[in-house]
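Here is how the chains run, residue by residue.
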Amino acid sequence: MSSIYGDQYGRLEETMEKLLAAIDGIRDEMSAETGMDPVEHTLGRIKSEESMREKCRRQGLPETEESALAVLHDAIGVRIVCAFLDDVYEIRDRLAALPALEIVEEKDYIRHAKPNGYRSLHLIVRVDGRYPAEIQLRTISMDTWAALEHHLKYKKDIGGNLDLITGELKRCADELASTDASMQTIRDMIRTM
């Protein structure tokens, strides 16, 4: 079976590396300005062949290079985890200002959380007009919640307790969001001293 990415895998890697380098540049700029790295960590990946094929099947798309690289937008994925809420939006603004990067779509699940409590800022971008990439920006709290939620629910048949579990997950997410807001306030107070 041929690759769902055709002969483009190397170019996907190049695009991801250029995106990660741009993010590192933003981190360096912000660190120089504030004396503190705004990013806890970044992760980059190219979606595995099987994951991309499974996504095509779930969405009723043919398992082709066209589907993987033009219709779907997350063959390249980058997650940026920040300590503070303001840093999420500052990095978003700095990404938008880069001449080689175009934000194609933005979904703000921080200001408009999903019903289960999921929060993150999602951007679909193009680097140098090439392949789309999905960037997820979130705080440490949001990342922790998402990892634990995934661990609890991933590929499990929850059955009759779904409403109760969803409610509890939402409650936990709201508590963490409140903590994020408090930590931002504390940082703001420290900066004004």
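Just above sits the structure.
For clarity, every value in this text was computed on a predicted model and none was experimentally measured. Along each chain, the written sequence defines residue order, and numbers are assigned to residues from 1. Restriction of local features to residues with pLDDT of at least 70 applies here, the model being predicted, together with a cutoff of 80 or more for giving and counting side-chain atom pairs; totals for whole chains, interfaces and linings are based on all residues. The side-chain figures draw on all heavy atoms in the structure; neither hydrogens nor water molecules are used.

Enquirer: What's the story with the sheet that holds strand β1 (residues 39-46) in this structure? I'm lost.
Expert: Whenever strands of a sheet pair, they do so through backbone hydrogen bonds, lying parallel or antiparallel. Being paired, for any two strands, means DSSP has found at least two bridges between them. Helix numbers and strand numbers start at the N terminus; a helix is a DSSP run of H or I with at least 4 residues, a strand a run of E with at least 2. Spatially, the five strands line up as an open sheet ordered β1-β2-β5-β4-β3, and their pairing is mixed. The strands lining the two open edges of the sheet, one partner per strand, are β1 and β3 (101-108). Here the strands of the sheet are splayed against their neighbours by 20° on average, with no regard to which way each runs. Strands β1, β2 (76-82), β3, β4 (121-127) and β5 (132-139) of the sheet are contacted by helix α1 (residues 9-34), whose axis makes an angle of about 170° with β1. Note on method: axes are straight lines fitted to C-alpha atoms, helices fitted across the in-contact stretch only, with angles between N-to-C directions ranging 0 to 180 degrees. Whether two residues touch is decided by their heavy atoms; if any such pair falls within 4.5 Å, the residues are in contact.

Enquirer: Looking at this model, I keep getting lost on α1. Mind explaining?
Expert: Structurally, the α-helix is built with 3.6 residues per turn, so residues lying three or four positions apart point the same way. Given a helix with a known number of residues, its expected span is that number minus one, times 1.5 Å. Across its 26 residues, α1 extends 37 Å between first and last C-alpha, which sits within 8% of the 38 Å expected from 1.5 Å per residue. Throughout, exposure labels follow a simple rule: accessible area from a 1.4 Å probe, protein chains only, divided by the maximum for the residue type, with under 20% read as buried, over 50% as exposed, and the rest as partly exposed. All of the buried residues in α1 are Leu12, Thr15, Met16, Leu19, Leu20, Ile23, Ile26, Arg27 and Met30.

Enquirer: Which parts of the structure should I look at to understand the packing of aromatic side chains?
Expert: The relation between two aromatic rings is expressed through the spacing of the ring centres and the mutual angle of the planes. Any Phe, Tyr or Trp ring, taking Trp's six-membered ring, that has another such ring centre within 6.5 Å forms a pair; planes under 30 degrees apart are called stacked, those over 60 apart edge-to-face, and the others tilted. Enumeration according to the criterion identifies three aromatic pairs in this entry. For the ring pair Tyr109 and Tyr118, a centre distance of 6.0 Å and an interplane angle of 65° mean the geometry is edge-to-face. Both residues of the pair, Tyr109 and Tyr118, belong to the buried class. Where Tyr118 meets Trp145, the ring centres are 6.4 Å apart and the plane angle is 55°; that geometry is what we call tilted.

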